[in-house]
Amino acid sequence: MTRYGTAESIAAAPTQVLYEVDRATGVAWITLNRPEKHNAMSVPMRDRITDIIHEANLDDDVRVIVFRGNGKSFCSGNEINEEWGQRRPHERRRTLNVSYRYGTDMAWGRLGFSQAISRSPKITIAQIHGYCAAAAYFMIACKVDIVIAADDAKVGALEARFLGPAGAAASVHINRIIGMKAARRTGFTAMPMSGVEAQRLGLVHECASSDRLADHARNVAEEIASQDPGALLHLKGRIRAAEGLMDTSVPSVTGLFVSHHLQSAPDEMDFWKAAKEVGVGGALDADKRRKGAVDPRTGDEGVVAL
Amino acid sequence: MIDVDVSEGCALISTADFAPLTRHDGAFARALAAAVIDLSDDDDVKVIVLRASGPDFAPADQGTFPRDLRGTVTAWGQDFSASDAIYQALCFSKKVTITEVAGVCSGAGSALVLASDLTISSEDAQFASPFMCMPESNFVLASLTIRLNRAKAWAVRGRPIGAHEAMACGLVSRVVSRAGLASATQAAAEYAAAMPLDGIVMSKMMLQAVLDAHGVGREFDMANLYATSQRAAGVTAEEE
């Protein structure tokens, strides 16, 4: 399978997503380790998560998989300022294949890492503290079986503030988990939920104070892992089948399509800065004027077709 | 085994407890389903109440499925998951259905609660997840009732939910003292029975469409597959 990313980002992924299995307890730990970026997930990091889950799925010793993050936050979502082989914004508008690759293959779709989480035959847990935003919210927290959160965690579709699309509102899964009004609120206002509020709405199973969170999550994971392995596999199979009947595995790709169109390429890091000053349309026009840019409608470099 | 009493539009089905369903007693299941279907067809009945006369609605029971089941699961499916078996009969009844729960509510008890319209509970009630040992229990109903992640945690943690927590998450309609349970159920039944019969039947017909749109019927259809999986895993009721 083709791997996207730069040589550097691909090489960094194994140290940015750590994996260990406690064979005595049957608990596997996936630790996001990019604290300087609040554990924002690059494309290679997401690929590594997918690989790890596949490994854990085949490991008879693993009964429970726990996601957690090092540093101040669990995870701030997908990295949006990275080079992984994408094209410039005005070119991407004519390249649906690239959008599809990012929006579905890399995120929501059957090849995406969130599907690897939601379709795992093992019991999955997310241990959340600090920010749990954007993709971390709807591609990890809303895909695992059980969420244990710090009381003061900040959970939600915070990316809607600057990316625009409110994918959370369109997710069948999120509507099932927290109810339709709350799903739309998280999508359309980008306001975060605290861990306590997320528990009240049904996303979070149990809360703990920040200093007790790790121990609490470990206790829950080990308690579940102590059950009969065959029984757990049977139970998870039942849950996955029922979720299929409820169509909660249907990916909501539209938000990611738009996210991708608005995502900055490496040489366009000032895109959002310009957008703040002259709006998104003006920023797109400015992008087209850049050296080397090609207007897909004319094929002329640096020429704006009006 | 099962007593039925009809008065003022309210039908009361009472039995010692509903544990026979948990241990997959086919005769009991058939009798209970027949009672629910007959009452659903009775023009003098608007509300059907399920009550245990014993201290617990459905005490924990050592399930006989699948360990002691012989042959295929089809006979079991006919009694427990088919469209005219007890859970679908209750879930898709044309009348308002109420479960009155006191004490322990495990296995079949929780499956009945999920399939009923209203649940009146005593303060000491404890609701255990039915999903490990009851292939015929409906996870889609649980997800719709208490939301997806709560249903998952209920199934995976294996911890019973207390009455007040059940009330908070939507599994229970009302919590009262054990002493006031029967009168609270009677009041709820009389309130529902005050509706016109056609209004109740029409509402339940519409509810059927909604439940099926959400996948409730298809989840019942999956029971035989779950039973096969459960048997392969060697899971019995004591795992719950």
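Provided above is the structure to which this section pertains.
From a predicted model like this one, the values you see are computed outputs, not experimental measurements.

A. Structural view of the overall build of chain A. On a plain count of helices and strands, chain A comes out with 15 helices and nine strands. Residue burial in chain A is summarised as follows: out of 306 residues, 56% are buried. A sequence separation of at least 24 residues applies to 69% of the contacts in chain A between residues at least 6 apart.

B. Fine view of the pattern of salt bridges. For the structure shown, the criterion picks out 23 salt bridges over all chains. With its nearest N and O atoms 3.6 Å apart, the salt bridge here joins A:Asp145 to B:Lys152. Here the residue A:Asp145 occupies a position in the loop between helix 6 (135-141) and strand 6 (146-150), and B:Lys152 occupies one in helix 7 (residues 148-157), the pair thus bridging two chains. Pair check on accessibility: A:Asp145 and B:Lys152 agree, each one buried. Note that A:Asp215 and A:Arg212 form a salt bridge whose closest N and O atoms lie 3.4 Å from each other. Taking the relative accessible area as the measure of exposure, A:Asp215 reaches 42% and is therefore partly exposed. Residues participating in the shared-partner salt-bridge network are A:Asp145, A:Lys236, A:Glu243 and B:Lys152.

C. Region of interest: the side chain of A:Asn39. Residues and elements named next belong to chain A. Summarising the element assignment, Asn39 is placed in the loop between strand 2 (27-32) and helix 2 (43-58). With relative accessibility at 0%, the residue Asn39 sits in the buried group. In this structure the side chain of Asn39 is engaged in a polar contact, spanning 2.8 Å, whose partner is the backbone oxygen of Asn70. The residues contacting Asn39, other than those within four sequence positions of it, are Leu32, Asn33, Arg34, Met45, Gly69, Asn70, Ser73, Phe74, Cys75, Ser76 and Gly77.

D. Main features of unusual backbone geometry. All names here are of chain B. With a phi angle near 55 degrees, Glu8 is a residue other than glycine that sits in the positive phi range. By the secondary structure assignment, Glu8 is in the loop between strand 1 (3-7) and strand 2 (10-15). On the accessibility criterion, Glu8 (74% relative accessible area) is exposed. Unusually for a residue other than glycine, His24 sits at a positive phi of about 55 degrees. A relative accessible area of 12% means that His24 is categorised as buried.

E. Layout of the pairing of strand 2 of chain B. Residues and elements named next belong to chain B. Most of strand 2 is tucked away, with five of its six residues classed as buried. As judged from the five bridges shared by strand 1 and strand 2, these two strands associate in the antiparallel manner. Paired with Asp3 across the strands is Ser14, a residue of strand 2. Note that strand 2 and strand 3 (residues 47-52) share six bridges and pair parallel. The residue bridging Thr15 from the neighbouring strand is Ala52, located in strand 3.

F. Representation of helix 13 (residues 229-245) of chain A within the structure. Residues and elements named next belong to chain A. Under the 1.5 Å per step criterion, the end-to-end length of helix 13 is 24 Å for 17 residues, consistent within 8% with the ideal 24 Å. Taken residue by residue, helix 13 has Ala231, Leu232, His234, Leu235, Lys236, Arg238, Ile239, Ala242, Glu243 and Leu245 as its buried positions. Its side-chain oxygen 3.2 Å from the backbone nitrogen of Gly230, Asp228 forms the N-cap of helix 13. In the segment just after helix 13, Asp247 is the residue with positive phi, at about 65 degrees.

G. Main features of the interface of chain B and chain A. Each partner contributes to the interface: chain B provides 30 residues, whereas chain A provides 36 residues. In this assembly, chain B packs against chain A so that about 2900 Å² is buried in total across both faces, 56% of it on carbon and sulfur atoms. Looking only at chain B, the three residues that lose the most surface to chain A are B:Asn149, B:Val156 and B:Arg157, adding up to 25% of its buried area. Linking chain B with chain A are seven salt bridges. The interface formed by chain B and chain A contains 18 residue pairs in polar contact (both at pLDDT 80 or more). Among the secondary structure elements, those contributing two or more residues to the side of chain B that touches chain A are helix 6 (139-146), helix 7, helix 11 (216-221) and helix 12 (223-233) of chain B. When its residues are assigned to classes, the side of chain B that touches chain A shows 15 nonpolar, seven polar and eight charged.

H. Expanded view of the packing of aromatic side chains. The full count for this structure, using the stated rule, is seven aromatic pairs over all chains. Pairing B:Phe131 with B:Phe139 gives two aromatic rings, centres 5.2 Å apart and planes at 70 degrees, and the pair type is edge-to-face. In this pair, the class of B:Phe131 matches that of B:Phe139, namely buried. Between the NZ or CZ atom of A:Lys154 and the centre of the ring of A:Tyr131, over which it lies, the distance is 5.3 Å.

I. Spotlight on helix 7 of chain B. All names here are of chain B. In terms of residue burial, helix 7 counts as a mostly covered element, since nine of its 10 residues are buried. Of the residues making up helix 7, those classed as buried are Leu148, Asn149, Ala151, Lys152, Ala153, Trp154, Ala155, Val156 and Arg157. Following helix 7 by one or two positions, Gly158 adopts a phi angle in the positive range, close to 75 degrees.

J. Representation of the sheet that holds strand 5 (residues 131-133) of chain A within the structure. All names here are of chain A. Pairing in this open sheet of three strands is mixed, and the strands run 5-7-8 from one edge to the other. Looking at strand neighbours, the two that pair on one side only are strand 5 and strand 8 (193-194), the edges of this open sheet. Of the pairings in the sheet, the one linking strand 7 (residues 154-156) to strand 8 comprises two bridges and is antiparallel in character. Paired with Lys154 across the bridge in strand 8 is Ser194.

What counts and what doesn't
The residue numbering used here restarts from 1 in each chain and proceeds along that chain's sequence as written. Chains carry letters and ligands carry numbers; both start at the beginning, A for chains and 1 for ligands, and go up in the order they are written. Reporting of local features is limited, given that this is a predicted model, to residues whose pLDDT is at least 70; pairs of side-chain atoms are given and counted only at 80 or more, and all residues count toward the totals for whole chains, interfaces and linings. With hydrogens and water excluded, all non-hydrogen atoms of the structure serve as input to the side-chain values. Numbering of helices and strands runs from the N terminus; a helix is a DSSP stretch of H or I covering at least four residues, while a strand is a stretch of E covering at least two. Note on classification: 1.4 Å probe, protein chains only; a residue is buried when its accessible area is under 20% of the maximum for its type, exposed when over 50%, partly exposed between these limits. What makes two residues a contact is simply this: any of their non-hydrogen atoms within 4.5 Å. Here a salt bridge means any side-chain nitrogen of Lys or Arg lying within 4 Å of a carboxyl oxygen belonging to Asp or Glu. Two N or O atoms count as a polar contact when they lie within 3.5 Å, although within protein this holds only if one can serve as hydrogen donor and the other as acceptor, and sequence-adjacent residues are included solely when both atoms are side-chain atoms. Only strands joined by at least two bridges in the DSSP assignment are considered to pair. By this rule the span expected of a helix is its residue count minus one, scaled by 1.5 Å. Summed over both partners, the accessible area lost on bringing two parts together, with a 1.4 Å probe, is the buried area. Asp, Glu, Lys and Arg are counted as charged, while Ala, Val, Leu, Ile, Met, Phe, Trp, Tyr, Cys and Pro are counted as nonpolar; the rest, among them Gly, fall into the polar class. Between the rings of Phe, Tyr and Trp (Trp by its six-membered ring), a pair exists once the centres lie within 6.5 Å; its type follows the angle of the planes, with under 30 degrees stacked, over 60 edge-to-face, and the other angles tilted. Only lysine NZ and arginine CZ atoms are considered, and such an atom sits over a ring when it is within 6 Å of the ring centre and within 35 degrees of the ring normal.

By themselves, these figures tell us nothing about what the structure is for.
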